[in-house]
Amino acid sequence: MRADVSDSGDTDSYIAAAVERFGRVDLHHLNAGIVGTFNRLPEVRVEDFDRVVAVNLRGAFLGVRAAFRQYAAQGGGAGPSC
(Lines give C-alpha, C1' and ligand atoms only; values in the text may rest on other atoms or scores of the structure.)
Protein backbone atom coordinates (compact mmCIF):
# COMPACT_ATOMS: atom_id res chain seq x y z
CA MET A 1 0.00 0.00 0.00
CA ARG A 2 1.20 3.50 -0.76
CA ALA A 3 0.74 6.12 1.94
CA ASP A 4 2.01 9.53 2.91
CA VAL A 5 2.87 9.12 6.60
CA SER A 6 2.40 12.85 7.17
CA ASP A 7 -1.27 12.58 6.13
CA SER A 8 -3.68 11.41 8.84
CA GLY A 9 -6.10 9.95 6.31
CA ASP A 10 -3.36 7.86 4.70
CA THR A 11 -2.12 6.75 8.12
CA ASP A 12 -5.61 5.64 9.17
CA SER A 13 -5.98 3.88 5.81
CA TYR A 14 -2.81 1.81 6.15
CA ILE A 15 -3.83 0.71 9.65
CA ALA A 16 -7.28 -0.22 8.33
CA ALA A 17 -5.69 -2.15 5.45
CA ALA A 18 -3.51 -4.08 7.90
CA VAL A 19 -6.54 -4.94 10.03
CA GLU A 20 -8.50 -6.00 6.96
CA ARG A 21 -5.69 -8.27 5.79
CA PHE A 22 -4.42 -9.67 9.10
CA GLY A 23 -7.36 -9.18 11.48
CA ARG A 24 -5.50 -6.99 13.99
CA VAL A 25 -2.36 -4.95 14.62
CA ASP A 26 -0.04 -6.10 17.40
CA LEU A 27 3.06 -4.09 16.61
CA HIS A 28 3.63 -0.91 14.65
CA HIS A 29 7.16 -0.27 13.38
CA LEU A 30 7.77 3.34 12.39
CA ASN A 31 10.63 3.55 9.92
CA ALA A 32 9.64 6.26 7.44
CA GLY A 33 11.93 9.24 7.38
CA ILE A 34 13.59 11.65 5.00
CA VAL A 35 16.82 13.60 5.12
CA GLY A 36 15.75 16.66 3.22
CA THR A 37 18.06 18.97 1.36
CA PHE A 38 21.81 19.15 1.75
CA ASN A 39 21.80 22.85 0.97
CA ARG A 40 23.56 25.24 3.31
CA LEU A 41 21.24 26.53 6.01
CA PRO A 42 20.82 30.01 4.52
CA GLU A 43 19.64 28.37 1.29
CA VAL A 44 17.14 25.91 2.82
CA ARG A 45 13.59 26.75 1.85
CA VAL A 46 10.93 26.74 4.57
CA GLU A 47 8.93 24.28 2.45
CA ASP A 48 11.84 21.82 2.52
CA PHE A 49 12.14 22.09 6.29
CA ASP A 50 8.37 21.73 6.73
CA ARG A 51 8.38 18.51 4.66
CA VAL A 52 11.12 16.95 6.81
CA VAL A 53 9.20 17.83 9.99
CA ALA A 54 5.95 16.55 8.47
CA VAL A 55 7.41 13.15 7.62
CA ASN A 56 9.86 12.63 10.48
CA LEU A 57 7.89 14.10 13.39
CA ARG A 58 4.24 14.39 12.40
CA GLY A 59 4.43 11.01 10.63
CA ALA A 60 5.67 9.31 13.79
CA PHE A 61 2.93 10.95 15.86
CA LEU A 62 0.20 9.97 13.41
CA GLY A 63 1.49 6.40 13.17
CA VAL A 64 1.64 5.91 16.93
CA ARG A 65 -1.76 7.52 17.38
CA ALA A 66 -3.38 5.32 14.74
CA ALA A 67 -1.75 2.19 16.17
CA PHE A 68 -2.82 2.98 19.73
CA ARG A 69 -6.36 3.68 18.57
CA GLN A 70 -6.35 0.24 16.96
CA TYR A 71 -4.89 -1.36 20.09
CA ALA A 72 -7.72 0.19 22.11
CA ALA A 73 -10.34 -1.06 19.64
CA GLN A 74 -8.99 -4.62 19.70
CA GLY A 75 -8.20 -4.85 23.43
CA GLY A 76 -4.41 -4.40 23.22
CA GLY A 77 -1.34 -5.09 21.18
CA ALA A 78 1.75 -7.25 21.64
CA GLY A 79 3.46 -5.12 24.29
CA PRO A 80 2.50 -4.40 27.90
CA SER A 81 2.28 -0.62 27.31
CA CYS A 82 -0.28 -0.93 24.54
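Residues numbered from 1 in each chain as written. Predicted model: local features only at pLDDT ≥ 70, side-chain atom pairs only at ≥ 80, totals over all residues. Heavy atoms only, no water.

You'll find the chain entered in an unreviewed UniProt entry as SDR family NAD(P)-dependent oxidoreductase, with Sphaerisporangium aureirubrum given as the organism.

**Topic: helix H2 (residues 46-74)**
Here H2 spans 40 Å end to end across 29 residues, near enough to the 42 Å set by a 1.5 Å rise per residue. Maximal helix bending in H2 amounts to about 35 degrees, located at Arg58. For H2, every residue scored as buried is listed here: Val52, Ala54, Val55, Gly59, Leu62, Gly63, Ala66, Ala67, Gln70, Tyr71 and Gln74. Where the residues of H2 are buried, they touch helix H1 (8-22). Downstream of H2 by one or two residues, Gly75 has phi in the positive range, about 85 degrees. (Helix = DSSP H or I, 4+ residues; strand = E, 2+ residues; numbered from the N terminus. Expected span 1.5 Å × (residues − 1). Bend = angle between axes of the 7 residues up to and from the residue. Buried < 20%, exposed > 50% of the residue type's maximum accessible area, 1.4 Å probe, protein only. Contact = heavy atoms within 4.5 Å.)

**Brief notes about the pattern of salt bridges**
Side chains that differ in sign of charge can pair as their charged atoms come close. In this structure the tally under the stated criterion is three salt bridges. Residue Arg51 is joined to Asp4 by a salt bridge in which the shortest nitrogen-to-oxygen separation is 3.4 Å. Taken together, the residues span a long stretch of sequence, with Arg51 in helix H2 and Asp4 in the segment before H1 at a distance of 47 residues. Exposure remark for Asp4: the relative accessible area of 27% places this residue in the partly exposed category. Linking Arg24 and Asp26 is a salt bridge whose minimum nitrogen-to-oxygen distance equals 2.9 Å. Take Arg24: its relative accessible area is 35%, and that puts it in the partly exposed class. (Salt bridge = Lys/Arg side-chain N within 4 Å of Asp/Glu carboxyl O.)

**Section: the nonpolar core**
Core analysis: the largest hydrophobic core is formed by eight residues, namely Val5, Tyr14, Ile15, Val25, Val55, Ala66, Ala67 and Tyr71. For this core, the secondary-structure elements that each account for two or more residues are H1 and H2. Looking at which element gives the most residues to this core, the answer is H2, with four residues. (Core = buried A, V, L, I, M, F, W, Y, C linked by side-chain atoms within 4.5 Å.)

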